[in-house]
Amino acid sequence: MSRSVGLAHIIRQQDGTSTGVWGVFALKSAFQPIFAFRPGGQLEITAFEGLIRPFRNGEGLSPGAFFNAVPASDRMHVETLARTLHLLNAGACLDPATSLFVNFDPSLFSEPTVARNALRDMRLVLHEAQIEPSRIVCEVTEQRAAEGALHMFVQALRDHGFRIAVDDYGAEESGIQRINALKPDIVKFDAHWITRLMSSGPGFALLEAMVSEFRDRGILNLFEGIEETWQLELAEKCGVDMVQGFVLARPELAPTSFAAFSRATPAAAPAKPDKRAAAPAVPARPAAGQPAEPAPAGTPRRAHARSFGHRGTR
Ligand SMILES: [Ca+2]
C-alpha cells in the first residue's frame with residue numbers, strides 16, 4: 001500500500017511499519033525511549049521521541065546531513081512526511097500507555113493557515129494510527145521562530161490537545177523569560193549545555209536551581225543526551241523528572257524491541273523472538289562501571305565531547 005504526502009510517498013511494509021520515500025532517499029522511523037524516575041530510583045519508559053533515519057541505496061546517512069540537504073522549498077513536505085511516519089509507526093509498534101515526542105520547526109508554521117492545515121492533517125493521521133492527541137508531545141525549538149508566530153503556533157498545538165516541550169533549552173538565546181511566556185509542559189535541556197554545567201560544582205548548582213524553579217512552576221524537566229553513568233547519577237541528584245540518552249537506550253528503527261519492556265502483546269509487526277521473553281518488566285539501570293566511565297555520585301567530571309546527534313533529527 002502506498003500513498004502520497006505532498007511530493008513524498010509512504011509505503012506500508014509487510015511487518016506493519018511504514019517507510020517514506022523522498023526523491024532518492026528512503027526514510028525510516030526510529031524511536032528513542034524517554035525514561036521517568038520512579039519512587040525508589042527505578043527508571044521506567046514513559047515516552048519515545050520519533051527520529052528520522054535516512055537511507056540512500058540501502059546505506060544509512062547522518063540525519064543532520066540529510067536535513068541540511070533538503071531545499072527550503074521542500075522542508076515542509078519532508079517534515080510532514082517525518083511526522084506522519086512517526087505517528088503511523090508509533091501506532092503500529094509502541095505501547096499505547098507511552099507518550100510520543102515529535103519535533104516541529106515552528107518557523108515553518110508562521111502562517112496561521114499553514115499551521116491550521118498541517119494540524120488538521122496531523123489529526124487525521126492520528127485517527128488512522130489510533131493515537132489519542134493527549135499522547136503527543138510537540139517539541140518546539142524556541143530560538144528559530146519569531147516570538148509572535150511561535151506563541152500562535154504553540155496555542156494552535158494546545159487547541160488540538162497536544163502537550164508542548166521546549167527543545168534544546170539552554171542553547172543559543174533561549175531564556176527563562178521565553179519559557180515563562182510559552183508555559184510549556186516540559187523543558188528538554190540542551191545536551192551539550194547539561195554536560196558543560198555538570199562538569200563543575202557551580203554549574204551543577206545552577207542546573208539544580210533551574211530544575212527546581214521549573215518544577216515549582218509545574219513544568220517537567222527532561223535531560224537529553226545522557227551518555228555516561230555519572231551523568232545519569234547527577235541527573236537523578238538534580239531532581240530531574242525524565243532522562244533520555246545512549247547510556248539508557250539508543251534509538252531503534254521501527255518495529256523496535258522496546259515493546260518487550262512494557263507491552264505483553266507483540267506489535268502489529270512480527271515479534272522479535274528471544275529478547276522479548278527474557279526482558280524484564282522494567283529495564284534495569286546500568287550497573288556502575290558500565291557501559292561508561294563511572295564516577296562517584298555528586299562528583300562532576302568533565303565529559304568527553306561526543307556528538308549525540310540530537311539536533312536536526314526530526
Ligand atoms: Ca528533539
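For the structure, check the block above.
Anyway, here's the lowdown on the structure attached to this text. Once a new chain begins, its residue numbering starts again from 1 and follows that chain's sequence as written. For this predicted model, a pLDDT threshold of at least 70 governs which residues receive local features, and a threshold of 80 or more governs which side-chain atom pairs are given and counted, while totals over whole chains, interfaces and linings are taken from all residues.

The next thing to look at is the overall build of the chain. Only DSSP runs of H or I reaching four residues or more are called helices, and only runs of E reaching two or more are called strands; each is numbered from the N terminus. On a plain count of helices and strands, the chain comes out with ten helices and 13 strands. The buried share among the 314 residues of the chain stands at 41%. Note on contacts: each residue gets a C-beta atom placed from the backbone, and two residues are in contact if those atoms are within 7 Å. Counting only contacts in the chain whose residues sit at least 6 apart along the sequence, the fraction spanning at least 24 positions is 66%. Partly exposed residues are those whose C-beta has more than 12 but fewer than 20 other C-beta atoms within 10 Å; with 20 or more the residue is buried, with 12 or fewer it is exposed, and the C-beta atoms are placed from the backbone.

Residues L100, C138 and L222 are the most contacted members of the largest nonpolar core, which totals 71 residues. The element contributing the most residues to this core is helix 2 (residues 75-93), with nine residues. In this structure L222 touches I34, I186, V187, K188, F189, V240, D241, M242 and Q244, once residues within four positions along its chain are discounted. A set of buried Ala, Val, Leu, Ile, Met, Phe, Trp, Tyr and Cys residues, joined to one another through C-beta atoms within 7 Å, is what we call a nonpolar core.

With that settled, consider the pairing of strand 10 (residues 186-189). Of the two faces of strand 10, the one holding I186 and K188 and the one holding V187 and F189 are both buried throughout. Alignment of strand 9 (residues 163-169) against strand 10, held across three bridges, turns out to be parallel. When the sheet's bridge partners are listed, V166 is paired in strand 10 with V187. Paired strands, in this sense, are two strands between which DSSP finds at least two bridges.

A separate point is the environment of Q13. Note that Q13 resides in the loop between strand 2 (8-12) and strand 3 (18-22). Excluding its chain neighbours within four sequence positions, the residues that come into contact with Q13 are S18 and T19.

To obtain each axis, a line is fitted to C-alpha atoms, and for helices this fit is confined to the stretch in contact; angles are then taken between N-to-C directions over 0 to 180 degrees. Look at helix 3 (residues 112-129) against helix 4 (residues 147-159): their axes get within 11 Å of each other, and the N-to-C directions meet at 25 degrees. On the basis of their axis angle, the class for helix 3 and helix 4 is roughly parallel. Considering the relative orientation of helix 3 and helix 4, their crossing is right-handed. Residue-level contacts link P112, A115, R116 and L119 of helix 3 to M152, F153 and A156 of helix 4. Classification used: nonpolar for Ala, Val, Leu, Ile, Met, Phe, Trp, Tyr, Cys and Pro, charged for Asp, Glu, Lys and Arg, polar for all others including Gly. Here the residues of the contact of helix 3 with helix 4 are counted per class, giving six nonpolar, no polar and one charged. Oblique is the label for any angle not covered by the other classes, which are roughly parallel (under 35 degrees), roughly antiparallel (over 145) and roughly perpendicular (65 to 115). By definition, any crossing whose near helix is turned counterclockwise from its far helix by less than a right angle is left-handed, and any crossing with a clockwise turn is right-handed.

For helix 4, with 13 residues, the first-to-last C-alpha span of 18 Å sits near the 18 Å given by 1.5 Å per residue. What helix 4 keeps buried is the set L150, F153, V154 and L157. Down the axis of helix 4, the buried side of the element spans an arc of 100 degrees, and every buried residue falls inside it. When the buried face of helix 4 is taken as reference, the exposed residues oriented beyond 90 degrees from it are G148, Q155 and D159. In this structure, the buried side of helix 4 is in contact with helix 3, strand 8 (136-141), strand 9 and helix 5 (176-182). Given a helix with a known number of residues, its expected span is that number minus one, times 1.5 Å. Here the arc refers to the set of directions running from the helix axis out to each C-beta atom.

To continue, consider the pairing of strand 5 (residues 43-56). Burial within strand 5 is extensive, with eleven of its 14 residues counted as buried. Bridging between strand 4 (residues 25-37) and strand 5 involves 13 bridges; their strand directions are antiparallel. Paired with I34 across the strands is A47, a residue of strand 5. Connecting strand 4 to the next strand, strand 5, in antiparallel fashion are five residues, including G40 with a positive phi near 95 degrees. Relative to strand 7 (residues 99-104), strand 5 runs parallel, the two sharing three bridges. Among the inter-strand pairings, A47 is bridged to a residue of strand 7, identified as S99. Where strand 5 meets strand 6 (residues 59-60), two bridges bridge the pair, whose relative direction is antiparallel. Within strand 6, the position partnered with F55 by the bridge is G60. Hairpin geometry of strand 5 and strand 6 is characterised by an intervening segment of two residues between the two adjacent antiparallel strands and by a positive phi of about 50 degrees at N57.

Turning our eyes to something else, we now look at the packing of helix 6 (residues 191-198) against helix 7 (residues 201-216). Two numbers describe how helix 6 lies on helix 7: the axes approach to 6 Å, and their chain directions differ by 125 degrees. With respect to helix 7, the axis of helix 6 lies oblique. Mapping the contact onto sequence places I194, R196, L197 and M198 in helix 6 and G203, F204, L206 and L207 in helix 7. Of the residues contributing to the contact of helix 6 with helix 7, the split by class is six nonpolar, one polar and one charged.

Of note, the amide linkage connecting A254 to P255 takes the cis form, showing an omega dihedral of 0 degrees. On the secondary structure map, P255 appears in the loop between strand 13 (252-253) and helix 9 (259-262). We note that N57 has phi near 50 degrees; this positive angle belongs to a residue other than glycine. Here N57 is to be found in the loop between strand 5 and strand 6. Taking the C-beta count within 10 Å as the criterion, N57 has 7 such neighbours and is therefore assigned exposed. Even without a glycine there, the phi angle at K183 is positive, about 50 degrees. One can find K183 in the loop between helix 5 and strand 10. Note on K183: 14 C-beta atoms within 10 Å, which makes it partly exposed.

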